[in-house]
Every structure is written in structure tokens, then in C-alpha cells.
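Read off the chains here:
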Amino acid sequence: MTEASMILVETIGRVGVVRLNRPKALNALCAQLMQELGAALLAFDKDPAVAAIIVTGSEKAFAAGADIKEMKDKTFPDVVFNDFIGAHWETVLEVKKPVIAAVAGFALGGGCELAMMCDMILAADNAKFGQPEINLGIIPGAGGSQRLTRAIGKSKAMEMILTARMMDAAEAERANLVARVVPLADLMAEALKIGEKIASLSGPSVAIAKDAVNAAFETTLTEGVKTERRMFLGLFATADQKEGMNAFAEKRRPNFTHR
Ligand SMILES: CC(C)=CC(=O)SCCNC(=O)CCNC(=O)[C@H](O)C(C)(C)COP(=O)(O)OP(=O)(O)OC[C@H]1O[C@@H](n2cnc3c(N)ncnc32)[C@H](O)[C@@H]1OP(=O)(O)O
């Protein structure tokens, strides 16, 4: 018997939306859900009708972490030799289009890590972020100790990871974990506005801008600036650069062709 799908997928305008839909378990990230999420993200990435992607959950939980019940009996050989929290957890990092995490409610453990793997986090005012793995006798395993520390700095990351303290939306905004906080009722509308703004721009420049920002996390400042310069110069080979600049000079809206 096939399990019911744990995600809902729709396209709104040029924005693909993946909603985690396992409400009784607060969107706990089990293997099935992660596999479905990855497949949906890759499908949107290939779809020329989609220019940006939103990953969201419910009002109560973006995701309360990896599924503790599914992993509690795993042995050391199980987790080491079976690619546990492996490549399928990081599919979002393969996506070339911008991915917005629209977070309401709990984003804990793997849920916080998934949000941080997205390109930006838009938070509802009821959002709560945390890496409470230490309560379970483990540590973050999907990049949390690295991405949280880069986002909010060592001291705050240490406090959250070593004590399991949750951070509310206001603190997450002050700490630069999230791009912006909006009222819960406006979360999807605001996320869609971001997606549609991105969709109105030149696809190549958006994809290259995403790569340029991500390069800042992977290299030195000197190498990063060199990378940015190469990307910047390369965009002068696109029709969209000509169109964007001519439209400005002619005081009209650009008509980007993504070439
Ligand atoms: C990625 C890696 C490597 C690791 C991880 O992510 S480890 C998991 C980290 N996350 C957590 O430790 C959070 C666990 N959840 C909680 O602490 C609480 O559920 C809560 C604070 C998020 C919410 O508490 P509340 O009292 O409002 O709700 P509950 O009754 O506790 O939960 C409702 C329902 O959801 C099930 N649930 C919640 N989180 C998980 C989870 N991570 N894995 C599996 N199931 C989860 C919870 O058991 C309950 O279901 P049942 O009533 O059927 O037991």
C-alpha cells in the first residue's frame, strides 16, 4: 500500500510552492517526506514556468525536526552505512532557482536546518527556531552547527545548541537568522510577493546572484570578490543586460527574455 503524500505542491503565478503536510507529527521530517520534498524541488527547478520556489509548513510548525520515532532505534552501523541524513536531506542545495523558506511555528532541529539551507527565511511572528538535539543526546546533523553559527555568530549559536533554547521570530530577525518577520496571516502573501518580484527579473542574473552570495560562504573574501567579478562581467554577454540597461535609459519597464 502506498503511503499518502506528505507534501502539497502547487504553482501560483510563476512561483512553485511546496507545503510540508504531516500535521499530526508537526511536519517531522521522515524519510518519505524528505524524499518527496527533494523530488518536488527538483521538478520545480526544471520547470521553465517556475522562477522561484517557496517551502512552507503549517501555522503550528514549519517542521519540528527529523522524525525522532523513525530514528530512535537506529544503530551506529545503520546511520553510518545507510547514508542517514545524507544527500537526500540536502537536495535543496542543488536547486538553482531561489528557494524561500516561509516559516510559521516551530522550526526545530532538522526543520531549522532545512530553513537555513533555503536561500532566505521569511518568518511569521509566531515562528520559533531552535536546535534542541542536545535534549535527545545528539547534536545537529544536517548542518545546524555550521549554518546557525555563520548566521547568528558563535555565542548565540553555542547558547542555542548547548542549551536547546528556542529563539522567537523577533530575536531571529535581530540576530539576522531571518530576512524579515511578518504577521502570520500575511506570511504566504509576502513570500509570494518576494517570489513574484524575483520572477519578474532576468533569470540568468537571478541564478548568478544566488551563486555569488553562496560563494561568500565557501571561500575567502579575495576569491569571493574575484568570483563575483567574473560573474558580473559574464552578464554583459546576455541579452537581458542590454535590455535592462536600455529600458532604464528609455524610461520603460524591461522585457527580460532570460537569455
Ligand atoms: C536533523 C537531525 C539530525 C535531528 C533532529 O532534527 S532531532 C529532532 C529535533 N526536534 C526536536 O527535538 C523537537 C521535538 N518536538 C518537540 O519538542 C515538541 O513536539 C514541540 C515543542 C515541537 C511541540 O510540542 P507540543 O506539546 O505542542 O506538541 P507534541 O504533543 O509534542 O507533538 C505533537 C505530535 O507531533 C509529534 N512530534 C513532534 N516533533 C516530532 C519529531 N521531531 N519527530 C517525531 N514526532 C514528532 C509528537 O510526538 C506528537 O505526536 P503523538 O501525539 O502521536 O506522539
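Read on for a plain summary of the structure. (Residues numbered from 1 in each chain as written. Predicted model: local features only at pLDDT ≥ 70, side-chain atom pairs only at ≥ 80, totals over all residues. Heavy atoms only, no water.)

**Section: the nonpolar core**
Here is step 1 of the chain: By size, the foremost hydrophobic cluster in this structure holds 48 residues, and its most contacted members are L20, L37, F62, V103, I121, F129 and L177.
Here is step 2 of the chain: With six residues, helix α1 (residues 31-46) is the largest single contributor of residues to this core.
Here is step 3 of the chain: By size, the runner-up hydrophobic cluster in this structure holds 17 residues, among which are A104, V182, M188 and V206. (Core = buried A, V, L, I, M, F, W, Y, C linked by side-chain atoms within 4.5 Å. Buried < 20%, exposed > 50% of the residue type's maximum accessible area, 1.4 Å probe, protein only. Helix = DSSP H or I, 4+ residues; strand = E, 2+ residues; numbered from the N terminus.)

**Remarks on the environment of F76**
Here is step 1 of the chain: Within the secondary structure, F76 is located in helix α3 (residues 76-81).
Here is step 2 of the chain: Note on F76: relative accessible area 67%, which makes it exposed.
Here is step 3 of the chain: Along the backbone, F76 and P140 are 64 residues apart, and their C-alpha atoms lie at a distance of 16 Å.

**Considerations on the layout of surface pockets**
Here is step 1 of the chain: Approximately 820 Å³ is the volume found for the largest pocket.
Here is step 2 of the chain: Lining of the largest pocket is provided by 29 residues; of these, M116, C118, D119, N214 and F217 occupy positions nearest its centre.
Here is step 3 of the chain: Considering only residue class, the lining of the largest pocket consists of 21 nonpolar, three polar and five charged.
Here is step 4 of the chain: The volume enclosed by the second largest pocket comes to roughly 480 Å³.
Here is step 5 of the chain: Around the second largest pocket, the lining is made up of 23 residues, and of these A66, M71, E133, I138 and I139 lie nearest the centre.
Here is step 6 of the chain: Listed by contribution, the elements that provide at least two residues to the lining of the second largest pocket are α2 (68-71) and α4 (110-117).
Here is step 7 of the chain: Of the residues in the lining of the second largest pocket, the class split is 16 nonpolar, four polar and three charged. (1 Å grid on protein atoms, 1.4 Å probe; cavity = no way out; pocket = protein on both sides within 12 Å on 5 of 7 lines; lining within 4 Å. Points joined across faces, edges and corners; volume = space filled by probe spheres on them. Nonpolar A, V, L, I, M, F, W, Y, C, P; charged D, E, K, R; others polar.)

**Here we look at empty space enclosed by the protein**
Here is step 1 of the chain: Applying the stated criterion across every chain yields a total of one cavity of 30 Å³ or more.
Here is step 2 of the chain: Considered as a void within the structure, the largest cavity measures approximately 30 Å³ in volume.
Here is step 3 of the chain: Together, M34, L37, G38, L41, H88, W89, E90, T91, V92 and L114 line the largest cavity.
Here is step 4 of the chain: Take the lining of the largest cavity: its biggest share by element is four residues, from α1.
Here is step 5 of the chain: When the residues that make up the lining of the largest cavity are grouped by side-chain class, the tally is six nonpolar, three polar and one charged.

**Considering the site of the ligand**
Here is step 1 of the chain: In the region of the ligand, 23 residues are neighbours, and A64, A66, I68, K69 and G110 sit closest.
Here is step 2 of the chain: In this structure, K60 approaches the ligand through a side-chain N or O atom, which is 2.9 Å from an oxygen atom.
Here is step 3 of the chain: In this structure, A64 approaches the ligand through a main-chain N or O atom, which is 2.9 Å from a nitrogen atom.
Here is step 4 of the chain: Relative to its unbound accessible surface of 980 Å², the ligand loses 65% to contact with the protein.
Here is step 5 of the chain: Per-element tally for the shell around the ligand: the top contributor is α2, with three residues.
Here is step 6 of the chain: In terms of residue class, the shell around the ligand is made up of 13 nonpolar, four polar and six charged. (Near = heavy atom within 4 Å. Polar contact = N/O pair within 3.5 Å; in protein donor to acceptor, adjacent residues only side chain to side chain. Areas by Shrake-Rupley, 256 points an atom, 1.4 Å probe, with all protein chains shown as cover.)

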